[in-house]
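# Structural characterization, general
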Amino acid sequence: MAEEKSKRDCFGMSMKGCRTNNGFVQNEDVLEKDLDPGSPADSAQHSTVGILGPEEPDFKDVQPYAGMPKEVLFHFSSQARYRVPREILFWLTVASVLVLIGVTIAIIAVSPKCLDWWQAGPMYQIYPRSFKDSNEDGNGDLKGIQDKLDYITTLNIKTVWITSFYKSPLKDFRYGIEDFREVDPIFGTMKDFENLVAAIHDKDLKLIIDFIPNHTSDKHDWFQLSRNRTGKYTDYYIWHDCHHENGTTTPPNNWVSVYGNSSWHFDEVRNQCYFHQFTKEQPDLNFRNPDVQEEIQEIIQFWLEKGVDGFSFEAVKFLLEAKHLRDEAQVNETQIPDTVTRYSELYHDFTTTQVGMHDIVRSFRQTMDQYSREPGRYRFMGTEAYGDSIDRTMMYYGLPFIQEADFPFNDYLTRLDTPSGNSVFEVITSWMEHLPEGKWPNWMIGGLDTARLTSRLGKEYVNIMNMLLFTLPGTPITYYGEEIGMGNILSTNLNESYNVDTLFSKSPMQWDNSSNAGFSEGSHTWLPTSSDYHSVNVEVQKTQPSSALKLYQELSLLHANELLLSRGWFCYVRTDNHSVVYARELDGLDTVFLVVLNFGESSVLNLKKLISNIPTRMRIRLSTNSANKESEVDTNAITLAKGEGLILEYNTKTLLHQQTDFRDRCFVSSRVCYSSVLNILHSLC
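Presented here is an overview of the structure given in this document. Nothing here was measured: the structure is a model prediction, and the numbers come from that model.

## A short note on the sheet that holds strand β22 (residues 617-623)
A sheet is described by the order of its strands in space; here seven strands give the open sequence β23-β22-β25-β20-β19-β18-β26, paired in antiparallel fashion. Of all strands in the sheet, those with a lone pairing partner are β23 (632-634) and β26 (666-667), marking the two edges. Taken together, the six bridges between strand β19 (residues 579-585) and strand β20 (residues 591-598) define a ladder with antiparallel strand orientation. The residue of β20 that forms the bridge with Arg584 is Phe593. Relative to β22, helix α19 (residues 548-561) is tilted by about 115 degrees, and along the sheet it contacts β20, β22 and β25 (645-651).

Next comes the structure, spelled out in structure tokens:
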């Protein structure tokens, strides 16, 4: 009661006597000034504010001041001169937020999907036994790859692709796997692999590995259990009754293996024949058995959990065979059936690309997707389609709403044995014309099972093919050593059971001109090094401005930095037996790259005649002849030597794909446009 009385007494006092400061100090001259008690000012200043009665306080002569009580604050805040600006600022803030949200949504809506890591830069394929030996046993290994990651980054590579390193007998380049969950001791240990994965990711690189689901080694535990009819493993492989007498087997049908002769082999333990698409030491798994599919899915998950970023699935067209086991048709109907022993002598309608095969491949994709949910950890899936027609190859991209592979590996350029403008043009346009809408292309100029580029086409075509690789739309893929122009070795010293014809392109990487080309410090290497390693090696070419390695690095850097190469249109301008000419351009950019590649003898090319509205002189952005770099050419007469390539640069407001004459000759995977005002890509083209 005493406290309430005190409060009432306080409010009954004058304003000066009861005013609270709330932490603010008013002008002391005003507060401390003694006014005459009878003066009008003092009367106004010290007028009593009664709060107990029904009358409202009178703030007529009171001015705003710091620390004013809420009654005074409410009085002034309700006045129009304070309320209206406040409301205007509030609604301006609301409107600004709404505009920002709208602009953000609009930008997201019109922005194209960013390129993923497997689209943004080149892949580098490594045959691990031939890349770098770290323990002096003459065999390349996983530690050797790790030791050379710095070199790989100098190539502006984004993805390292390591071919089969699983525990395997020495058959068919380790593609007959004895244990899918083990690293072969030749290459190191599982710990070595884990260290390699960590090192690759530390370099901001990605790792994909080969996976071969179609078959295993006959040393695999599954096969040993299956041949003894043990439990669920009884039907893990494709077994069938066959007649075997006096060492001679009569197979169930006329199917032949990829390497020739019957694809059926008699097993004395089970007393039946098993099916093998490749060598007899590589029995095919029975993918019509759900248990087999589950086993393979678990193996995929095992390696994904180890940190790999994707797979190249090999030999997938062989996953299923027809259940009826009817004979396949002969290519030459007049040939005596008993003489059919070669793979090319039959149409393989019952042993490749069977109904249901793509469903199995899509199930692999679904497993990959489960591990792609973490931001930035998309898992890539590629498929081998060697020997397939272009139509069948494109099926691996999947359907419009059912994704399969990110892309089937495009090895069509590796099949070129003689260089010509027409043959190169046919490969390019065949892929681009059949490419499903929105899908991503890729290009390879070398690989495991084909002759090296230098040996196949000639060393004068190394630079021009690398220029082609980096200026086509899509992902460039380089087989180790192609960046320095390595060639095939002429002979082998190998006693292991391999197809010798495919060994010549697997010789040790040529690092320097020391013993064994710097590949190994051991006394021997598993394959001999090429005789030209003293001049064709990494260390020598690092110091040569005109070397294949220097041009490769410049091309890969150009590809990484130029939007029109990674996202732009491809328009072919001219092709004949000698040359290929095409343009790379992007909506919204005035810059155009005109690529001129001469695969024939020396010639003079009139570009002005082909494209009338181009400038008379063009700047050479890159050339296979380093002396021409940054110079200019007369577009009325460009002299090209054999194997010479040019990337010309010019500016124009009229892009080729917008012109009627070229509209049918232009391709783009996913159309985007560039806004120079906002410095962004958008899809409102």
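Moving on, there is more to tell.
## Focus: unusual backbone geometry
Positive phi values are uncommon outside glycine, yet Glu630 reaches one of about 70 degrees. Counting through the fold element by element, Glu630 comes out in the loop between β22 and β23. Owing to a relative accessible area of 42%, Glu630 belongs among the partly exposed residues under this scheme. Residues other than glycine seldom take positive phi values, yet Asn679 does so here, at roughly 55 degrees. With respect to the secondary-structure elements, Asn679 resides in the loop between β27 (673-675) and β28 (680-682).

## Description of the state of the cysteines
Tallied over the entire structure, the rule returns three disulfides. Each disulfide pairs two cysteine sulfurs, and for Cys242 the partner residue is Cys273, the sulfurs being separated by 2.0 Å. On the sign convention where negative is left-handed, the bridge of Cys242 and Cys273, at about 90 degrees about the S-S bond, is right-handed. One end of the pair, Cys242, is in the loop between β6 (239-240) and β7 (243-245); the other, Cys273, is in strand β10 (residues 272-275), with 31 residues separating them in the sequence. As far as burial versus exposure is concerned, Cys242 and Cys273 are alike and both buried. A sulfur-sulfur distance of 2.0 Å marks the disulfide that ties Cys571 to Cys666. Taking the sign of the S-S torsion, about 115 degrees here, the bridge from Cys571 to Cys666 comes out right-handed. With Cys571 in strand β18 (residues 569-575) and Cys666 in strand β26, the pair connects residues that are 95 residues apart, well separated along the chain. Summarising the burial analysis for this pair, Cys571 and Cys666 share the class buried.

## A word on the sheet that holds β6
If you trace the three strands from one edge of the open sheet to the other, you get β6-β10-β9, paired in antiparallel fashion. Either end of the sheet is taken by a strand with one partner, and the two such strands are β6 and β9 (264-267). Here β9 runs beside β10; their pairing, made up of four bridges, is antiparallel. In the sheet register, Trp264 faces β10, and the bridge partner there is Phe275.

Calculation criteria
Residues numbered from 1 in each chain as written. Predicted model: local features only at pLDDT ≥ 70, side-chain atom pairs only at ≥ 80, totals over all residues. Heavy atoms only, no water. Pairing = 2+ DSSP bridges. Helix = DSSP H or I, 4+ residues; strand = E, 2+ residues; numbered from the N terminus. Contact = heavy atoms within 4.5 Å. Axes fitted to C-alpha atoms, helices over the stretch in contact; angles between N-to-C directions. Buried < 20%, exposed > 50% of the residue type's maximum accessible area, 1.4 Å probe, protein only. Disulfide = S-S within 2.5 Å.

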